[in-house]
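Geometric and topological summary
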4 protein chains.
Amino acid sequence: MSGSILGDIFKISTWGESHGKGLGVVVDGCPAGVEISEEDIQKDLDRRKPGQSPFTTPRKEGDKIEILSGVFQGRTTGAPISMIIFNKNQKSKDYSALKDVYRPAQSDYSYDLKYGFRDHRGSGRASGRETAARVAAGAIARKILAALNVKITAYTSSIGPIKADPKNYNEDYIMNNFLYMPDPVALEKAEEYLRNLIADNNSSGGTIECTVKNIPEGLGDPVFDKCEALLARAIMSIGAVKGVEFGRGFKAAEMTGYEHNDFYRYNEGEINKVTNNAGGTLGGITDGSDILLKAAVKPTPSIEKTQQAVNKSGENIDLSIHGRHDPVIVPRAVVVVEAMVALTLVDLLLKNMTSRIEYIKNVYKK
Amino acid sequence: MSGSILGDIFKISTWGESHGKGLGVVVDGCPAGVEISEEDIQKDLDRRKPGQSPFTTPRKEGDKIEILSGVFQGRTTGAPISMIIFNKNQKSKDYSALKDVYRPAQSDYSYDLKYGFRDHRGSGRASGRETAARVAAGAIARKILAALNVKITAYTSSIGPIKADPKNYNEDYIMNNFLYMPDPVALEKAEEYLRNLIADNNSSGGTIECTVKNIPEGLGDPVFDKCEALLARAIMSIGAVKGVEFGRGFKAAEMTGYEHNDFYRYNEGEINKVTNNAGGTLGGITDGSDILLKAAVKPTPSIEKTQQAVNKSGENIDLSIHGRHDPVIVPRAVVVVEAMVALTLVDLLLKNMTSRIEYIKNVYKK
Amino acid sequence: MSGSILGDIFKISTWGESHGKGLGVVVDGCPAGVEISEEDIQKDLDRRKPGQSPFTTPRKEGDKIEILSGVFQGRTTGAPISMIIFNKNQKSKDYSALKDVYRPAQSDYSYDLKYGFRDHRGSGRASGRETAARVAAGAIARKILAALNVKITAYTSSIGPIKADPKNYNEDYIMNNFLYMPDPVALEKAEEYLRNLIADNNSSGGTIECTVKNIPEGLGDPVFDKCEALLARAIMSIGAVKGVEFGRGFKAAEMTGYEHNDFYRYNEGEINKVTNNAGGTLGGITDGSDILLKAAVKPTPSIEKTQQAVNKSGENIDLSIHGRHDPVIVPRAVVVVEAMVALTLVDLLLKNMTSRIEYIKNVYKK
Amino acid sequence: MSGSILGDIFKISTWGESHGKGLGVVVDGCPAGVEISEEDIQKDLDRRKPGQSPFTTPRKEGDKIEILSGVFQGRTTGAPISMIIFNKNQKSKDYSALKDVYRPAQSDYSYDLKYGFRDHRGSGRASGRETAARVAAGAIARKILAALNVKITAYTSSIGPIKADPKNYNEDYIMNNFLYMPDPVALEKAEEYLRNLIADNNSSGGTIECTVKNIPEGLGDPVFDKCEALLARAIMSIGAVKGVEFGRGFKAAEMTGYEHNDFYRYNEGEINKVTNNAGGTLGGITDGSDILLKAAVKPTPSIEKTQQAVNKSGENIDLSIHGRHDPVIVPRAVVVVEAMVALTLVDLLLKNMTSRIEYIKNVYKK
């Protein structure tokens, strides 16, 4: 069954394997008239490029985006927008030794179970590289949201046991370090932690937080298209994500109603929430307050440290995975989280256009 | 936009408000030949009925399910299955005083923001009662899964700060206490905790764990229909759920790759995982090991303890919500979690039927 | 696979068999604020009720519609709208003799081929009665379209070889005769033709034309959601329909480009088409001119005239179908065609709301 | 709203404009293990290439297909299959003079109505060239159907008033003449008819018939996913198609039930239909007999003969369209009809895999 198409109105159809000819995405359902250029999209892509940091792989991917359709004289026409990135620097020979090996915590075994065989080069369709297509589509979604002043900000909230402290939060700092951490104090500790792990041929997990400001009210459709339900699905579809929570999340489970409920007070004629434990939604619908979410990312599975594995010939083996891989996925996933949040919110935005008969009459009045 | 339809092949379309004439669901896409009866479905519904426990509301809902179509001589025909529960015991007058009040942490305000007005009786479409329709549909899904020996078990893993201890886990105990806790020691503490909260006119949150055994391999479609992505969306669509995690979840974020990776060993010619930190999936596809997940449930918003609220006339008010409401949602949500897991897995099961050309040739060979 | 759900935004989910407990529909995605009542819907249903005419079956179906959800104080709330018609007058014993017989040109054999067994009472899910649910949903769609002055008019354009003459077209006449013909001259000949067929225990086919006036411009989405593609799908889904054409339809195949092209001329600053051979669309998108379509309806398959048939025991039999059935389906299908056109157009209307970024900015501007 | 995605399981997402950088399609949901190569697809594409016939445009399009993903070592992997054709020979300057003109019977005006502006080069997304992407996707569908011996054959059944005679039907002849006519006698008359029209700077319409042999039984889902409903939608989505009929189609409207019903007789233990007026389906489900359908194609709108048109500045103009265009669309559409039929049938094939619980148990038995 198809699993590479997402969205109800703003639909994206992604394709491509890490070691195939290229990867890309077709965006269908984008409204006409959105100003977009290859530069807009390249900017977001460049945030996820490896080879920039001592904490991500040294391989240079050179992802260069091309728009092949759906844009005319700088604006979307309403026709599908096809975008492509050609693969340039994928060394197949890195993986030939692994053709018959099942690497722990990777998709090798489950793809064989599902399809009966698999493209063994790299991780094929399961590769993290596939997310470049999502980021490209997300850039278009972000353009639409930006026109409404919606601001999506994701950052690394923890690496292993090292947690960023909200008191030290500095938004400008996020984009100025390789780990995308907003707390310089935690950053130092995280860097040391990672250096030790790299020396041990090991890897680390972490968490990513994301806030959305200025989100329009009323987004989300009871009951199955609740805002947080669709956000959860989008974020959990990112490889390596193992959990997601909204507002106080798992902490809300330990609170009482009186503690957790966000009280209302009028302030200059407008209804405000005294707190925002809910994280931006009520009954699955946005109420205009900030959306707050956090995702848990597992450690990179590919490590050189020797693991117990098996091969297809029935043998138990000791496996040390040589080659190029990230000791920590989290920083690369930050922009992917933003893209998935943007794609989900723009789809909700479009879906909400038909909530009231007044909206419809306004568009079609003569 | 429609938000009450879920599924790609096994589709459910739910309807009904807490204080309307009734509620129900249409199941479309169920294979023909499944043996199903009203008794099968009533059994699951009766688990969520209030009035049984000192820890849930005393109102008696008397949910009696009727199957109106799609079943002939005890088997599904392939036609849509319509099921209905007529509302009998909903007192509208409980809520008339709240017509112009925005209750904190409830959907009153967000529904007004979205639609411009709302059905103020109870929580309308946002009511927890709406989940009865999901449980009914889930009962059919569970029938199909049971034929493959799939076993879904959910239970309360914590109430407030009181956590069930896995060492005391006793599966038979789950169905024999009102809180659906599998640990008798924790149960006592949780009961005491709740009694104190009730005395304080307050409410509690909690968590629900769910395991799935004997799940077929190969379920889930990269990249957006990953097994855990669709499970997350289904579970997050349950009202009051604020987070969901799979396998080690948020703990995985603090582990190293060597600690988190599940190693492989052959055991009598079959590949086994030495651990199951992943919680049943790899690359979004099930590998036959147990699915493990946990959901966080916020405290019941409706409490008698006085809160700061507002009304539509621009006034700040102090609000004490009288009437009938649960001090803790978690036990009632346990069977709903099982239903949502069943619905998601059966849809994935059906979607996986077309993964390989061999499956297709087998069905159509002459 | 589910086949009883239609629509992308305004979704309908129908259910029910002719001899089951009832039939109904859930409408999901209807905008909030539409004024609707059971009377509105009953009006459309009563047009398709048999027992009114000498040319349709004498059985009295007594279809009474009930709205069970989604409407509050006379307006849609945005929640799913469930409507139900309970079956009152279906005599199962009419069909018990046919349990093991395959009636020619009916779905008996194909349902057995697909599902392995079938509900043999009447035609089960294949019954024409199922269309009552569509008409009910169509009534809501028509309410929305009426607010924009969209006018859908269908009528019988031919019965067997008897064709209505456009020169004698009288719109008021349509609703004043049992055959829904707009030409009194043709009506007389058709009635005589049918009387002869009834005397011969036979049945007739016919055609239905439908015009849509005042349709907003811009509806339809290239390439697969073209306006006429979706109309065709909706109309072809009505049982007994064997063909559909738009504008000049099959006559366009015999014309030259110069003859068929609709020329443009300005008239008081507005662009007009000199002719409307296209029938209302260009490139699959409405241009504001009238939509014109015609559907071909096959003769009623159930006839008393003796036919060659078979039974499940391997025997060739001669079959005369006693009981209650229509000698001509066409008049009953007229209101169903209107309903399907309304459902398709309202969905297109809603889908077009997101075509331009300007529409979106207008809704979300602060 | 997105309109370029088709299918429920075997989904295609097409993109590209006639004068953009290229066009292509992403196929998602194709089962793993299908043997496919660029040669397979190129073969079907080459049938629709212009420059081969005196009756289609002399432009050489040089459509060369590239597969960029989803195929590994000659077999589909289950991952999305992206295919692309780069545009080489599209002269933009042919159309610059038409930037502000609304050509009759083309999408210029309706696209402006919908989107507010348009890509004026050629017909942008409305161009017939877009169908090349469909043909490429259809080639994969045909591979799957061929494994089940399904045979789809389309041909030109009429050009203008010249009709092919079924008595002269010669299947081998179809692929050996530029007009794809199966009747050499009619072919001569059609060629003469076209030569006269070309001399008059005019164009012609026509009809295409298509038969499908060896189609598995049981395909189609009541009520909205009936086989002919989905075929109709797919075929009506081809530009220039104005009508579609199945079996006897519009002739059935003039027949009696006794004439139209297909009788049953046993023949060596198998149920046969004595006739096939129904054209392969009953109740929307295939019964194993041949599917028979016919599509009506309007004449090519672009003609050099002077027409009445308008421009955007409020002026009535006389328009003669110079440049390169087909005098008749029908032959080029023949392979597109086959592709759309293949795409629809393979999706129905896959959807039918979940009709019976037995099919599901067979796949998942251990």
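Report on the accompanying structure. What you see is a predicted model, and the numbers here were worked out from it, not measured in a lab. (Residues numbered from 1 in each chain as written. Chains lettered and ligands numbered in written order. Predicted model: local features only at pLDDT ≥ 70, side-chain atom pairs only at ≥ 80, totals over all residues. Heavy atoms only, no water.)

Some thoughts on the side chain of Arg118(C)
- Mapped onto the secondary structure, Arg118(C) falls in the loop between helix 2 (108-115) and helix 3 (131-146).
- A residue is classified by how much of its surface remains accessible, and Arg118(C), at 11% relative accessible area, is buried.
- A polar atom in the side chain of Arg118(C) sits 3.4 Å from the backbone oxygen of Lys99(C).
- Among residues more than four places away in sequence, those in contact with Arg118(C) are Phe72(B), Leu98(C), Lys99(C), Val101(C), Asp108(C), Tyr111(C) and Asp112(C). (Helix = DSSP H or I, 4+ residues; strand = E, 2+ residues; numbered from the N terminus. Buried < 20%, exposed > 50% of the residue type's maximum accessible area, 1.4 Å probe, protein only. Polar contact = N/O pair within 3.5 Å; in protein donor to acceptor, adjacent residues only side chain to side chain. Contact = heavy atoms within 4.5 Å.)

Points about the pattern of salt bridges
- Under the counting rule described, the total for this entry stands at 96 salt bridges over all chains.
- With a closest N to O distance of 3.0 Å, Lys351(A) and Asp225(A) form a salt bridge. Residue Lys351(A) is found in helix 8 (residues 330-351), and its partner Asp225(A) is found in the loop between strand 11 (206-213) and helix 6 (227-236); the two are separated by 126 residues along the sequence.
- Accessibility expressed as a relative area gives 0% for Lys351(A), which makes it buried.
- The class of Asp225(A) is buried, set by a relative accessible area of 5%.
- The partner of Asp262(D) in a salt bridge is Lys273(D), with the nearest N and O atoms 3.8 Å apart. Of this pair, Asp262(D) sits in the loop between helix 7 (257-260) and strand 13 (264-267) while Lys273(D) is found in strand 14 (residues 270-273), placing the two residues eleven residues apart along the sequence. (Salt bridge = Lys/Arg side-chain N within 4 Å of Asp/Glu carboxyl O.)

Some details on the relation of the copies chain B and chain A
- Take chain B, turn it by 180°, move it 0.0 Å along the axis, and it overlays chain A with an RMSD of 0.0 Å. Accordingly, the operation relating the two chain copies is best matched by a two-fold axis. For chain B, the smallest separation between a C-alpha atom and the rotation axis is recorded for Arg233(B), amounting to 2.4 Å. (Least-squares fit on C-alpha atoms with pLDDT ≥ 70 in both.)

Concerning the interface of chain B and chain A
- The interface is formed by 117 residues belonging to chain B together with 117 residues belonging to chain A.
- For the pairing of chain B and chain A, the buried interface totals around 9100 Å² over both sides, and the portion due to carbon and sulfur atoms is 60%.
- In this assembly, chain B and chain A are joined by six salt bridges.
- Applying the counting rule to chain B against chain A returns 59 residue pairs in polar contact (both at pLDDT 80 or more).
- With seven residues, the top contributor of residues to the side of chain B that touches chain A is helix 2 (residues 108-115) of chain B.
- The class makeup of the residues in the side of chain B that touches chain A is 50 nonpolar, 39 polar and 28 charged.
- Both strand 12 (residues 241-246) of chain A and strand 12 (residues 241-246) of chain B contribute to a ladder of three bridges, which runs antiparallel. Residue Val244(A) lies in a different strand from strand 12 of chain B, and its bridge partner there is Val244(B). (Buried area = accessible area lost by both parts, 1.4 Å probe. Nonpolar A, V, L, I, M, F, W, Y, C, P; charged D, E, K, R; others polar. Pairing = 2+ DSSP bridges.)

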